[in-house]
Each structure stands twice: as C-alpha cells, then as structure tokens.
Amino acid sequence: MATIKATAPAKVNLTLHVTGRRDDGYHLLDSLVVFADVCDQLSATSSADLRISVSGPFSPGVPTDDSNLMMRAAMALKRVRGVEMGAALTLEKRLPHAAGIGSGSSDAALTLAMLAELWGVPPLPANAPEVVALGADVPVCLQAPAPTRMTGIGETLSDVPRLPDCALVLVRPPVEVPTAAVFQALTSRDGSGMDDLPLGLDYDGFVQWLAAQRNDLQAPAETIAPEITHAIAALRALPAVSFAGMSGSGATCYGLVKDIATARQVARRMQVAHMNWWVAPAAVLQPA
C-alpha cells in the first residue's frame, strides 16, 4: 500500500495586528508569519476507510474522531473532489496544541497536500472556501513554508522580502489560553496595519522593524495567563535575545536570536531555569 510521510512545521506569528471585525464576527488580521523547523510527523496510507491514530508527547487531548482538524480536512477534500477512497492517517504530536503556533492548522494543511497526492486529485488552493473554513491559519500553512504576510481573515497571502539570517527560541509555559477568550478580552478591534517590511534589512534593522510592530492579542492573553508575561520577561533578560514576543493568541512566546547555535544555547538556559516549560530552539525556514 502507498504511504506518504511528511513533517508539519510550527507556524509563528512574529506580528499580529487586529485591524477590524466583519459583520459575521471574523476578525481582520495583518501578520508576519514564519515557519520554524520544529515539526509534527504525519503519514497517510491508502485504506478503504478514513481514520486517524495519534501518538507522541503531546497526543493527550488530541481527538481521533471527526472533530480532529486533520479528519475535517480529509473529509473536505473527499467531498470537493468526489473521492471514494479512504486513508489511514497517523500523527506523531511533537508540538503543543492550543499554543498559538498553529500546529493543528499545519497538520490539517499537510493532510490536504498528502491526500491530494495519495488520491491523485488536484490539491485545493489556499484561498478555497473549504480551506478557509478550517481556520484562519490553514491557508498560510498550505503554502510553502516561507515568511509570509497574512491579511484578511487569513485567506490573503503575500510574499515578503527575504528575512536576514535569524533563529528562534520557542517557550511555552504550562498554561492553555483559549483563543476565543483572548479575542473576547480585546479592548480595540480596529488597530492600524503592519508596516511594510523593507527590502534588504540586516539583522539589526529587522529587530528595529519588529520592535515597532504589535501583537494585539498579547495584552489580553497576559490578563488571562500572567505566565506569558513571565515567559517574555525571562527571554528578554538574556543578552543574546534581541526581541521577545508572543505568537498568535498564546501561550507560546519567542525570542529572536542571530543564529541557531545561539538559539540552542539560550534554549538550554531556559530549560534549566524552567524545567516544566516546553522549550525548543528553531531555525526560521526560508526559500533556498
């Protein structure tokens, strides 16, 4: 039987501006998204039926029924493309879920790509209504993993100039921050958009640009989970960290550093100081 194996990288919002709210309740966003080389492991094998099995350190709490986002993605592709075959999906959950790094969305996007290949049908485009309906982060995760500007409700994607070489230290204190609660705690929903990313920035210039942007969800998330404030402060206290912020709706925070060697050093210090946090050094994925 044919089997396809692939990795679903973490998505990190380096910025996240909330610029409005539509009549249907969806928020309008403007965000610089990057992908990190820490990943979930997925596979898809030909099968008569459609099912999923989940393993890995973050498997507890991940559903294996039709509410699983990978299963919802698979069913959407079957419906749109008229597929009668099934697939046995596996997910080795190495990334924390409900953590602001889009791991469920990345898993769902990769499922769409794997199953289109497995079933021999055209892939769904990132802006297809069925893709957007899976969640705001799924369209950007369906693209090649490269820095991207994400606007609208997540369906409008545009290229950005190449980022300077850099790396991230991802940290997540042991707390979950429900996305709906964070948006509910927003005090302003019509902020300004993100500044355009200038061409040819060096590392110091990128740090300065980043410091002038926002994550509008950070303040409400911090009111729900003060551990986020502590995590960002812990990152900022390390001299090698040039900038620290929160990804998405939290609770994962990131520290920006110059290279992966520095990221590993910072990650070791963070892990020793906070043994119960998830800590991961990560390279930022960019086009060759």
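Each remark here, short or long, concerns the structure printed above.
Residues numbered from 1 in each chain as written. Predicted model: local features only at pLDDT ≥ 70, side-chain atom pairs only at ≥ 80, totals over all residues. Heavy atoms only, no water.

## Observations concerning the overall build of the protein
What the protein contains, in helices and strands, is nine helices and 11 strands. The principal-axis extents of the C-alpha atoms in the protein amount to approximately 55 × 45 × 40 Å. For the protein, buried positions account for 55% of its 288 residues. Charge separation in the protein, taken as the distance between the mean sites of 21 positive and 27 negative side-chain charges, equals 4 Å. (Helix = DSSP H or I, 4+ residues; strand = E, 2+ residues; numbered from the N terminus. Buried < 20%, exposed > 50% of the residue type's maximum accessible area, 1.4 Å probe, protein only. Lys, Arg positive; Asp, Glu negative; His and termini not counted. Charge placed at Lys NZ, Arg CZ, Asp CG, Glu CD.)

## Focus: the environment of Glu117
As for its position among the elements, Glu117 is in helix H2 (residues 103-119). Separated by 158 residues in the primary sequence, Glu117 and Met275 have C-alpha atoms spaced 41 Å apart.

## Examining the environment of Leu163
In this structure, Leu163 sits in the loop between strand E7 (156-159) and strand E8 (167-172). The spacing of Leu163 and Gly200 is 37 residues in sequence and 7.8 Å in space, taken between C-alpha atoms. Each residue touching Leu163, except ones within four places of it in the same chain, is listed here: Val34, Pro147, Leu197, Phe206 and Gln286. (Contact = heavy atoms within 4.5 Å.)

## Some points on the side chain of Thr252
The residue Thr252 is located in the loop between strand E9 (243-246) and strand E10 (253-257) in this model. Here Thr252 is in contact with Ala99, Ile101, Leu170, Val171, Arg172, Met246, Ser247 and Trp278, once residues within four sequence places are set aside.

## Points about helix H9 (residues 260-273)
Here H9 is 14 residues long and its end C-alpha atoms lie 20 Å apart, about the 20 Å a rise of 1.5 Å per residue gives. Within H9, the full set of buried residues consists of Thr262, Ala263, Val266, Ala267 and Met270. Buried residues of H9, seen end-on, are gathered within an arc of 135° and therefore sit on one face of the element. Turned more than 90 degrees away from the buried face of H9 sit Arg268, Arg269 and Val272, all of them exposed. Along its buried surface, H9 packs onto E8, helix H8 (227-236), E10 and strand E11 (278-283). (Expected span 1.5 Å × (residues − 1). Arc of directions from axis to C-beta.)

## A few points about the nonpolar core
Counting residues in hydrophobic clusters, the biggest one holds 68 residues, and the most contacted among them are Leu89, Leu115, Val171, Ile228 and Met270. Per-element accounting of this core gives the leading share, nine residues, to H2. Those residues in contact with Val171, other than ones at most four positions away along the chain, are Ala231, Leu235, Ala251, Thr252, Cys253, Met270, Trp277, Trp278 and Val279. (Core = buried A, V, L, I, M, F, W, Y, C linked by side-chain atoms within 4.5 Å.)

## Quick notes on the packing of aromatic side chains
Under the counting rule described, the total for this entry stands at two aromatic pairs. Relative to Trp209, the ring of Phe206 lies with its centre 6.0 Å away and its plane at 10°, an arrangement referred to as stacked. Of the two residues, Phe206 and Trp209 are both situated in helix H6 (residues 203-211); the distance of three residues between them amounts to about one turn of the helix. Per residue, the accessibility class of Phe206 equals that of Trp209, and both read buried. Residue placement shows Lys78 over the ring face of Trp119; its charged tip is 5.7 Å from the ring centre. (Phe/Tyr/Trp six-rings, centres within 6.5 Å; stacked < 30°, edge-to-face > 60°. Lys NZ or Arg CZ within 6 Å of the ring centre and 35° of its normal.)

## Considerations on the sheet that holds E10
Spatial ordering of the open sheet is given by E9-E10-E8-E11, a layout of four strands whose pairing is antiparallel. The open sheet is flanked by E9 and E11, the only strands paired with a single partner. Taken pair by pair, the neighbouring strands of this sheet meet at an average axis angle of 20°, ignoring direction. Strand direction decides the pairing type here: E8 and E11, joined by six bridges, are antiparallel. Paired with Leu168 across the bridge in E11 is Ala282. Its contacts with the sheet place H6 against E9 and E10, and it is angled at close to 150° to E10. (Pairing = 2+ DSSP bridges. Axes fitted to C-alpha atoms, helices over the stretch in contact; angles between N-to-C directions.)

## A few points about H8
Considered for burial, the residues of H8 that qualify are Ile228, Ala231, Ile232, Ala234 and Leu235. What you see down the axis of H8 is that its buried residues fit within an arc of 160°, all on one side. Along its buried surface, H8 packs onto E8, helix H7 (218-224), E9, E10 and H9.

## Looking at the packing of helix H1 (residues 69-81) against H2
Close contact between H1 and H2 brings their axes to 8 Å; oriented N to C, the two are set at 35°. In this structure, H1 meets H2 at a crossing whose hand is right-handed. For the pair H1 and H2, the contacting residues are Leu69, Met70, Ala73, Ala74, Leu77 and Lys78 in the first and Gly104, Ser105, Asp107, Ala108, Thr111, Leu112, Leu115, Ala116 and Trp119 in the second. Residues that form the contact of H1 with H2 fall into these classes: 10 nonpolar, three polar and two charged. (Left-handed = near helix turned anticlockwise from the far one by under 90°. Nonpolar A, V, L, I, M, F, W, Y, C, P; charged D, E, K, R; others polar.)

## A closer look at the pattern of salt bridges
As enumerated under the stated definition, the model contains nine salt bridges in all. Across the pair Arg149 and Asp30 runs a salt bridge, and its minimum N-O distance is 2.8 Å. With Arg149 in strand E6 (residues 148-152) and Asp30 in strand E3 (residues 27-47), this pair connects stretches of sequence that are 119 residues apart. No difference in accessibility class separates Arg149 from Asp30, as the two residues are buried. The partner of Arg149 in a salt bridge is Asp196, with the nearest N and O atoms 2.6 Å apart. Of this pair, Arg149 sits in strand E6 while Asp196 sits in the loop between helix H5 (179-184) and H6, and the two are 47 residues apart along the sequence. For Arg149, a relative accessible area of 16% puts it in the buried group. On the accessibility criterion, Asp196 (58% relative accessible area) is exposed. (Salt bridge = Lys/Arg side-chain N within 4 Å of Asp/Glu carboxyl O.)

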